[in-house]
Amino acid sequence: MDEQHSAPRGEADSAVLVADDSGRALVALVGPPNSGKTTLFNRLTGLRQKVANYPGVTVEKHIGRVKLEGEEVVDLVDLPGVHGFSARTIDERVTKDVLEGRVEGIRAPDALVLIVDATRLENQLMLVEPVLELELPTLLVLNMSDELEARGGRIDDRALAERLGVDVVRTSARTGEGVDGVRTYLAEVRAAPGGAERVERTLANVKSGTSLPVVDAFAARRRLVREVVDEAGFVPPGPSALSERLDGLFLHRFWGPLIFLAVVLVVFQSIFTWAVPLMDMIDYLIVSSGDWLAATLPDTWFRSLLVDGVWAGVGSVVIFLPQILILFLFLGVLEDSGYMARAAVIADRMMYRVGLQGRAFLPLLSGYACAVPAILAARTIDDERDRLATIFVTPFMTCSARLPVYALLIAAFVPDQPLVGPLVGQRAAVLLGLYGLGIVAAVGTAFLLKRTLLRAQPTSFLMELPPYRVPSPRTLALRLLDRSKIFLRRAGRIIFAVAIVLWTLTQFPRTDLGAPDIEESALGRIGQVIEPAIEPLGFDWRVGVGLVTSLAAREVIVGTLGTIYGVETADEESVALQEILRRDLTLGSAIGLLVFFAFALQCVSTVAVMRRETAGWKWPALQFGYMLLLGYTGAFVAVRIFG
Amino acid sequence: MQSLPVVENSAPESVRELRLGDIPLRQEVELISIDLPADQAEPLLERGVLPGCRICPVRATPGGDPIVSVDGSLLALRRETADCLCVRMLSSLKDAG
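Small disclaimer: the values here were computed from a predicted structure and weren't measured.

### Points about the overall build of chain A
Phase 1 of the analysis: Looking only at helices and strands, chain A features 27 helices and ten strands.
Phase 2 of the analysis: Residue burial in chain A is summarised as follows: out of 643 residues, 46% are buried.
Phase 3 of the analysis: The long-range fraction of contacts in chain A, counting pairs at least 24 apart against all pairs at least 6 apart in sequence, stands at 72%.

Encoded structure:
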């Protein structure tokens, strides 16, 4: 797990930030989803935090350091939002394991901070019994207390503290009010680290036995919560008029779906228009710095490896960063404002018909930028079969790496003429058709999967609709930082390796003059070896080489074809390359190539992420084979139709 | 909208017939039982949807699925799930003491 040892972010913190036996106290932050847990975590730790994965699972581990008075420091771990510790979902399993000290690389916490949304106290306190059963010193944080009072709710926190045998503070994590109370508590834990004497609580007498049937156990827990809440004189807040009015709009029979569509379009549009200047800038920086390196370094194999291999290869992935950041900025705003839950509810009926569920909407939308973050986004899908089906079909969404390939071939083969009226040209129609092809393949595959490999009883989709809130810029910024780091690390590492392998294949066997012509190189020979297989599609070894190199990232085929055909600095707008392609490929083959790229999983980053997210090679292998087969068949059919 | 059956104390069979899916908007009812396998019932239980709790459909999604209010939280369900939740009217609760 090399990711676990990566350096901490921000500041010049040189010490490795792991919760070890360094003598620092470790406090775990627990709470149900939408309780403001992450906002509080960010308030307390700021930039002194890092993200990694728990060993063997896909749950993110957030550990941060809280600076207290003077040099005092406490480690804080932000656990996933859960409703209980039944270990039904991965999140719950990890939370349970961390709290019981059964996770490698992180010791059992000395104390707990349980955060709940005070406006929904009865609902949120369902966690209190399992948390108190751990018998650790606990601080109960009544978050959103300002909102509770503003809406006419009340609670006697002293009575609550007495009844539960824990400390209680009120906060508003969003405004920062009351967060000092949490710091004070952490300082007390710091004063007595490891002094985590098990706390015997009167509550232990009331706790529901684990041997009880499920429903009874929950009913007992519920009765306890009711008692606690009554004793603490909890008066629930009045309904939030704003939330109700917004729901009336966003879930309106007519306006709801319309707003949903508009949101999707805006996200979609922004990925492609706003990101372009930034991507051009990154492209310029990569190319010019590569040129500078090439001019500065002596002409050796090392320069070639660095500039042509690593620089160009890693650059071809880094260029997608702006799109991914913009996508995540939008998704973050939608998520934190509470709209995403409504969007998932609106999408659910549609998704359910094809065998997916509402939560699949988010990863599928993300897939239009890049399948890698999209597959990671599917973690929120609580049903394992639904999650697998979703990430299996996500790469069918037309990711932005396909666009340069589409642009080159369409520009070369499709005349720039109007099709229906002056607005829809033939080129746009073909591009739209390719997007449509991806959607059809995704829907068909999901449908198929849920009737074969992932067949299951229809699951019950359940979505909590949190109150609408203004997103915190701080939380958004920190998340963007996280996302970009994860993307660069995941994609960068694999692309780095692939770039070196591809470069090496172009360098051997050596000739007297150094590197061989591409036709004679190992890579060229691989192209010739697979030529018989792709001949029925009308592709020769040159396209074959492009298909191999495009495994690094789909758009790499454009540069490869440029190199093979000897067109300097070829990009998708290169007229010279378009002319050569028109000469070398038939219309049928060109369309075949487009179809192939629409379907085939030409992306090692996706395969690597799939392996991680499914903890094995079975799913990525199946996915790669299936999509390759579909791509090949599709191309074959296209060649026969268009000649 | 079909009229709701009047629930009598002495007719527990007909009580079981009433499902959450049949309840009109803004009519608060009491949950009696959850007619779902344990693994599907558990997420409901964790969110406070338990036998004995008060539950109230507050809105329908554009697709016709219910959004219910439980303990001050809003939950979106599929109507298939709502049809597996047996409920009874609160008025009969009072009679039953």
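On we go from here.
### A word on the interface of chain B and chain A
How big an interface is tends to be reported as the loss of accessible area on association of its parts.
Phase 1 of the analysis: Taken together, the contact pairs 30 residues of chain B with 32 residues of chain A.
Phase 2 of the analysis: Contributions of two or more residues to the side of chain B that touches chain A are made by helix H2 (38-46), strand S4 (73-77) and helix H3 (79-82) of chain B.
Phase 3 of the analysis: Considering each element in turn, the side of chain B that touches chain A owes the most residues, eight residues, to H2 of chain B.
Phase 4 of the analysis: Its residues assigned to classes, the side of chain B that touches chain A shows 13 nonpolar, eight polar and nine charged.

### Observations concerning the packing of helix H11 (residues 275-296) of chain A against helix H12 (residues 301-318) of chain A
Residue and element names in this part refer to chain A.
Phase 1 of the analysis: Direction vectors running N to C along H11 and H12 enclose 175 degrees, while the axes themselves pass 10 Å from each other. Judged by the inter-axis angle, H11 sits roughly antiparallel to H12. In contact with Ile282, Ile286, Gly290, Leu293 and Ala294 of H11, H12 contributes Arg303, Leu306, Val307, Trp311, Ala312, Gly315 and Val318.
Phase 2 of the analysis: Classifying every residue of the contact of H11 with H12 by side-chain character gives nine nonpolar, two polar and one charged.

### Structural notes on the nonpolar core
Phase 1 of the analysis: Judged by nonpolar contacts, the single largest core of 138 residues is most densely connected at Phe361, Ile375, Leu409 and Leu594 of chain A together with Ile55 of chain B.
Phase 2 of the analysis: Listed in part, the 57 residues of the second largest apolar core include Leu112, Leu127, Leu140 and Val189 of chain A.

### Concerning the confidence of the model for chain B
Residues and elements named next belong to chain B.
Phase 1 of the analysis: Averaged over all residues, the pLDDT of chain B equals 80, while 76% of them reach at least 70.
Phase 2 of the analysis: This model gives residues 1-11 a pLDDT under 50, and the stretch forms 13 contacts once residues within four places in sequence are excluded.
Phase 3 of the analysis: Here residues 93-97 scores under 50 on pLDDT; set against residues more than four positions off or in separate chains, the count is four contacts.
Phase 4 of the analysis: With pTM at 0.80, the complex prediction returns an ipTM value of 0.81.

### Quick notes on the packing of helix H19 (residues 426-449) of chain A against helix H25 (residues 587-599) of chain A
All names here are of chain A.
Phase 1 of the analysis: Following both chains from N to C, one finds H19 and H25 inclined at 45 degrees, their axes separated by 9 Å at the closest point. Considering their axes alone, H19 and H25 lie oblique with respect to each other. Between H19 and H25 lies a crossing of right-handed hand. Facing Leu434, Leu437, Gly438 and Ala441 of H19, the residues of H25 in contact are Leu594, Val595, Ala598 and Phe599.
Phase 2 of the analysis: For the contact of H19 with H25, the residue count by class is seven nonpolar, one polar and no charged.

### Some thoughts on the pairing of strand S4 (residues 73-78) of chain A
All names here are of chain A.
Phase 1 of the analysis: When you tally the buried positions in S4, you get five out of six residues, the bulk of the element.
Phase 2 of the analysis: Bridge analysis of strand S1 (residues 25-30) against S4 gives five bridges, and the strand direction is parallel. Each residue of the ladder has a partner; that of Ala25, found in S4, is Val74.
Phase 3 of the analysis: Where strand S3 (residues 60-67) meets S4, six bridges bridge the pair, whose relative direction is antiparallel. Its bridge partner being in S4, Ile63 is matched across the sheet by Val77.
Phase 4 of the analysis: Taking the residues between adjacent antiparallel strands as the criterion, S3 and S4 are bridged by five residues, where Gly70 takes a positive phi near 60 degrees.

### Here's the deal with the sheet that holds strand S5 (residues 85-89) of chain B
Phase 1 of the analysis: Read across the sheet, six strands follow the order S10(A)-S4(B)-S3(B)-S2(B)-S1(B)-S5(B) without closing on themselves; strand pairing throughout is antiparallel. Only two strands of the sheet have a single partner each, and these edge strands are strand S10 (462-465) of chain A together with S5 of chain B. Recorded for the sheet is a direction-independent mean angle of 40 degrees between the axes of neighbouring strands.
Phase 2 of the analysis: Note: strand S3 (residues 66-70) of chain B against S4 of chain B, four bridges, orientation antiparallel. Note that in S4 of chain B the partner of Val70 of chain B across the bridge is Ser73 of chain B.

Criteria and thresholds
Residues numbered from 1 in each chain as written. Chains lettered and ligands numbered in written order. Predicted model: local features only at pLDDT ≥ 70, side-chain atom pairs only at ≥ 80, totals over all residues. Helix = DSSP H or I, 4+ residues; strand = E, 2+ residues; numbered from the N terminus. Buried ≥ 20, exposed ≤ 12 C-beta atoms within 10 Å, placed from the backbone. Contact = placed C-beta atoms within 7 Å. Nonpolar A, V, L, I, M, F, W, Y, C, P; charged D, E, K, R; others polar. Axes fitted to C-alpha atoms, helices over the stretch in contact; angles between N-to-C directions. Parallel < 35°, antiparallel > 145°, perpendicular 65-115°, else oblique. Core = buried A, V, L, I, M, F, W, Y, C linked by C-beta atoms within 7 Å. pLDDT = per-residue confidence, 0-100. Left-handed = near helix turned anticlockwise from the far one by under 90°. Pairing = 2+ DSSP bridges.

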